[in-house]
Structures are given as structure tokens and as C-alpha cells.
Number of protein chains: 2
Amino acid sequence: MPRIRIERKEATRLSILRAARTVFVSKGFHEATTHDVAREAGLSVGSIYTYFRSKDDLIRESILAANKDETDAVLRDVRSSGTVREKMARAIAGWYAYTLEEPGVPAFLAEAWAVASRKPLIRDLVARRRERIVTVAMVILQEGVADGELTPNLDVDAAARAVAALLDGVILESIESGASPPQMDIERRVLLLLGPEIAPVVRRGNDPSA
Amino acid sequence: MPRIRIERKEATRLSILRAARTVFVSKGFHEATTHDVAREAGLSVGSIYTYFRSKDDLIRESILAANKDETDAVLRDVRSSGTVREKMARAIAGWYAYTLEEPGVPAFLAEAWAVASRKPLIRDLVARRRERIVTVAMVILQEGVADGELTPNLDVDAAARAVAALLDGVILESIESGASPPQMDIERRVLLLLGPEIAPVVRRGNDPSA
DNA sequence: GACTATAATGAATGCTCGTTCAGTTTGTTG
DNA sequence: CAACAAACTGAACGAGCATTCATTATAGTC
């Protein structure tokens, strides 16, 4: 049981995963071939099957790895003090750095969502990803309520889910525009949810039929 | 130039598009075969090619048709009076009925987004879809500002894009959870953007390092 | 009721791709 | 260094697929 062997094996496995991600991003899961992945990794096709049971397995593991990277990025700087806005801005900064500045991540996520709608196994993976993001948002908002910064009757769950949905929507927007919106814009939009950028609705004279 | 021929041809074309949508939803663009579409439409494979140049062409046309359906649904009840909240609620109702109550629409959109990240032609289609939704939101918000219902220094563009992103995020959420969130929940979240559900941030004693 | 343009057919074609496995190379150990 | 196992190789296989096209069926016209 040589230790070096094990480390080597793990390294090769990671290099295949890295290669897979590159190829999946540029071609999509389906048009990317196992031969493509092997070439990108500097290996032969056969080797892939030493490390992964099948192409589907490779796809699943590659999504799993991406989720881990994103979660790490989001959580990096959250546990710290400050106002709700400051904490939220920091969380968004970490998320932004991984998701929108790292090239190819939006395309990769879009692929994952497409597959998720048909394959329960993949669906579970991306659902867990969302839950993690929602949890981060909930913690921040909950603290805001506890500190009296936010109104006590805030529906924390709804607000946290709104933040997560908004962020995912921004990912789609970046795909469509071909470029990431500036980080500031995203912060501003999320903060719309948290503050009086939009004034309270004031009923005026017009209360018509409907 | 027999008139009947033309009508018949159009009808067949539409039935192929309908069949394509059904198959694309259940299998995804790639795993769906032209034979599948033909069988679903009650035709032979060859016939598909009387109406569409290629499978890619069929995919493109099918996305185009779906976009039209969605836009029609969103615009149906918007042009009417009431408060900003009422108008927004009506627009969301139309959007919800088409997007989340119609089975398969989220899956179809997810497929489109995945392809959009790699194919400029498809990207243009889905980008136009977003622009239409943003425009509807902007019109509603703009009217709110003009009526004095919303604060004059509201960044209408940012807010409208936030609404659109939020809605798209909800589509992804519905894919992941395997069920649509209730329409009320979505309204509540969008309205978070429009009102004081969350109280203004109040600076309290703690103003630390940062 | 024949005639003709149009539409529909589906077997055949050529290609791509996931997966396998018999054989080769590489690295470790005694 | 010899012996062995782990890791790697890539040609070959077989299944599946988009697309074509020679042929057949059909609907509209005179």
C-alpha cells in the first residue's frame, strides 16, 4: 500500500476533473466526448475509465466538485462582523469572484440545470447547492433581525430565497449578455431587497375599478 | 397556388413544433432524436425535413415559438389601471400561468439557457426574451414613479432587471424542487423589491473596523 | 376520372461516440 | 536488478443518430 501511489492517483483524478470541466464548459455535457476530456487531460481514453465508471459518473463528480468550490468561495468571508448590508456585500463579493469572474462557471451551471430537470441525481446536487446559498442568506438576515437592524416581522425564509433566486437569475443574465454585470450592480439589486432604495408605496387618489 | 395546401402545410408545421416541444422537454435537446419527434407527431422522419432544414433549425424555431407564447402570456393583462403593486401582481399572474403552471416550460427554458451559453444564435433568442420581460417591468415601475407612487430617484432600470432576474431564479428553483412554488410566494418576493416589507436599515451602535 | 405537383415514407448511409480489453509502460519493492 | 502490480494505451467494437433520396401515396385541378 504505497502512499505515493495513492497521492499520484488522487492527482490524476483531479487533473481529469479539471480537464472535464474545461471541456464541458466549452462544448456542453453532451457534445463533449470522453476523447476530448482525455486529450485535454493528456491521457488516453482508457485511463478515464480507471478513475470514473462512465461519462455520466464523470459529469456527476464534476458538478459535485464545482458545488464545493462555489460554497467555499461564498463562505470565505461571511463569518465576520458589521451591518447586515456589510455582511451581505461580503458574501456577494465571494460569490461573485467565483461565479462570475471565473470564466465558464455560468455556462457550467446552465448545463447542470438543464440536466437537473431530467435526472433526479443531478437535481439533488444542484438543489443542495441552492440550499447552502439560502442558508447563508438566512443566517445573515436572522442576525439582522436579532440585532434589531431589520424589522422583526420580516419573512426571513422568503427574503433569503429571494436573494438566492436573484443571484441565480443574474447568472442567467450574464450568459445572455455574454458578459458579467459589474459586481456593484448586483450588490445594488440585492440591497434593494434590504432597504429603502424604493420608497414605501403611498396610496394616491386613483383607486379605480379593479 | 391552392389555398388549402398552404393551410395544411402550416398545420403540419405546427404539429411538428408541438411534438418537438414535448420531446425536447422530456429528453432534452440532445437526447431527443428526430425519430422521436416524428413518432410524437405521427409522421415519418423524412417529413421533418420537408419543414425544417435540420434538427438545429427545429430547436431554434421551437425556442422562438416558446418565447412568443410566454410574451403573450405576460402581456395579456398588464395594460390596465391600478397601483404599481396591482399591475405587477397581474403581470406575474400571467407569467406564472404560462411558465410555472404549464408543465415542462422550466425544463425547456433550462435547455435553452444551456445551449445559449455556447451558441450565439440561441443566445440572441433568449436575450430578447429577457429584454421583453425587463421592458414590461420598466413600464410598470416608470408609471409608478410618474404617479408619485415610487420615489423619483428609483433606479428603474436596476429594479426592472432585478425583477426579471428574480423571476428567472424562481424558474430554476422550481426545477430543483420538482414543484412550482405557490404564486403568492413569488408575488411576495417581488413585492419585497417594491415595498417596506423589510424596514429601512437603522444604524445601531456597532460601527466596527470596516 | 385521369393528371400532376406536393407531401410522406422509411430503408439505407455514413458518421460519431461511449466503452472495452489485450497488450505495453511505469514505478515500487525485496 | 528482477519481479510484480498498478497505471496507461489506443485500436476495435457496436450502438445510435442525423440526414438523404428513390419510391409511394395523396390532394387538388381540369
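Structure: see above.
Residues numbered from 1 in each chain as written. Chains lettered and ligands numbered in written order. Predicted model: local features only at pLDDT ≥ 70, side-chain atom pairs only at ≥ 80, totals over all residues. Heavy atoms only, no water.

### Structural notes on the pattern of salt bridges
Here is step 1: Inspection of the entire model under this criterion finds 40 salt bridges over all chains.
Here is step 2: Of the charged contacts, one joins Glu31(A) and Arg118(B) as a salt bridge, the two residues approaching to 4.0 Å between their closest N and O atoms. Placement of the pair is Glu31(A) in helix H1 (residues 3–31) and Arg118(B) in the loop between helix H6 (105–116) and helix H7 (120–146), with the two residues belonging to separate chains.
Here is step 3: Counted as one network, the salt bridges with shared partners bring together Glu70(A), Arg129(A), Arg130(A), Asp168(A), Glu173(B), Glu176(B) and Arg189(B). (Salt bridge = Lys/Arg side-chain N within 4 Å of Asp/Glu carboxyl O. Helix = DSSP H or I, 4+ residues; strand = E, 2+ residues; numbered from the N terminus.)

### Regarding the packing of H6(B) against helix H8 (residues 156–177) of chain B
Residues and elements named next belong to chain B.
Here is step 1: As a packed pair, H6 and H8 sit with axes 9 Å apart at the nearest point and diverge in direction by 115°. Judged by the inter-axis angle, H6 sits roughly perpendicular to H8. Between H6 and H8 lies a crossing whose hand is left-handed. The segment H6 lies against H8, with Pro106, Ala107, Leu109, Ala110 and Trp113 engaging Asp168, Ile171, Leu172, Ser174 and Ile175.
Here is step 2: A class-by-class count of the residues in the contact of H6 with H8 yields eight nonpolar, one polar and one charged. (Axes fitted to C-alpha atoms, helices over the stretch in contact; angles between N-to-C directions. Parallel < 35°, antiparallel > 145°, perpendicular 65-115°, else oblique. Left-handed = near helix turned anticlockwise from the far one by under 90°. Contact = heavy atoms within 4.5 Å. Nonpolar A, V, L, I, M, F, W, Y, C, P; charged D, E, K, R; others polar.)

### What about the nonpolar core?
Here is step 1: Counting residues in hydrophobic clusters, the biggest one holds 131 residues, and the most contacted among them are Leu58(A), Trp95(A), Ile186(A), Leu58(B), Trp95(B) and Ile186(B).
Here is step 2: Look past the residues within four positions of Ile186(B) in its chain and what remains in contact with it is Ile92(B), Trp95(B), Tyr96(B), Leu100(B), Leu167(B), Val170(B) and Pro181(B). (Core = buried A, V, L, I, M, F, W, Y, C linked by side-chain atoms within 4.5 Å. Buried < 20%, exposed > 50% of the residue type's maximum accessible area, 1.4 Å probe, protein only.)

### Comments concerning the side chain of Ser62(A)
Here is step 1: Secondary-structure assignment places Ser62(A) in helix H4 (residues 55–75).
Here is step 2: A relative accessible area of 3% means that Ser62(A) is categorised as buried.

### Details of the packing of aromatic side chains
Residues and elements named next belong to chain A.
Here is step 1: Per the stated rule, a full pass over the model turns up four aromatic pairs over all chains.
Here is step 2: Ring geometry for Phe29 versus Phe108: centroids 5.7 Å apart, planes at 85°, classification edge-to-face. Of this pair, Phe29 sits in helix H1 while Phe108 sits in helix H6 (residues 105–116), and the two are 79 residues apart along the sequence.
Here is step 3: An aromatic cluster of three or more residues is present, and its members are Phe24, Phe29 and Phe108.
Here is step 4: Cation over ring: Arg21 sits above Phe108, and NZ or CZ is 5.9 Å from the ring centre. (Phe/Tyr/Trp six-rings, centres within 6.5 Å; stacked < 30°, edge-to-face > 60°. Lys NZ or Arg CZ within 6 Å of the ring centre and 35° of its normal.)

### Details of the layout of surface pockets
Rolling a probe over the atoms, with the probe sized like a water molecule, indicates the empty space that remains.
Here is step 1: Space inside the largest pocket adds up to approximately 410 Å³.
Here is step 2: Forming the walls of the largest pocket are 25 residues, and the residues nearest its centre are Phe29(A), Ile59(A), Val115(A), Lys119(A) and Glu31(B).
Here is step 3: Counted by class, the lining of the largest pocket contains nine nonpolar, four polar and 12 charged residues. (1 Å grid on protein atoms, 1.4 Å probe; cavity = no way out; pocket = protein on both sides within 12 Å on 5 of 7 lines; lining within 4 Å. Points joined across faces, edges and corners; volume = space filled by probe spheres on them.)

### Topic: the environment of Ile133(B)
Residue and element names in this part refer to chain B.
Here is step 1: Topologically, Ile133 is positioned in helix H7.
Here is step 2: In this structure, the C-alpha to C-alpha distance between Ile133 and Ala160, residues 27 residues apart in sequence, is 8.5 Å.
Here is step 3: Those residues within four positions of Ile133 in sequence are excluded, and the remaining contacts are Glu70 and Ala164.

### Examining helix H2 (residues 34–41) of chain B
Here is step 1: Inspection of H2(B) places Thr34(B), Asp36(B), Val37(B) and Ala38(B) among the buried residues, and these make up the whole buried set.
Here is step 2: Count one or two residues on from H2(B) and you reach Gly42(B), which has phi positive near 70°.

### With respect to the environment of Met138(B)
All names here are of chain B.
Here is step 1: With respect to the helices, strands and loops of the structure, Met138 is situated in helix H7.
Here is step 2: Separated by 21 residues in the primary sequence, Met138 and Ala159 place their C-alpha atoms 7.9 Å from one another.
Here is step 3: Excluding residues within four positions of it along the chain, Met138 makes contact with Val156, Asp157 and Ala160.

### Details of the packing of helix H4 (residues 55–75) of chain B against H6(B)
Residues and elements named next belong to chain B.
Here is step 1: Two numbers describe how H4 lies on H6: the axes approach to 11 Å, and their chain directions differ by 125°. By the angle between their axes, H4 is oblique relative to H6. The hand of the H4/H6 crossing is left-handed. Packed against H4, whose contacting residues are Ser62, Ile63, Ala66 and Glu70, the element H6 presents Phe108, Leu109 and Ala112 at the interface.

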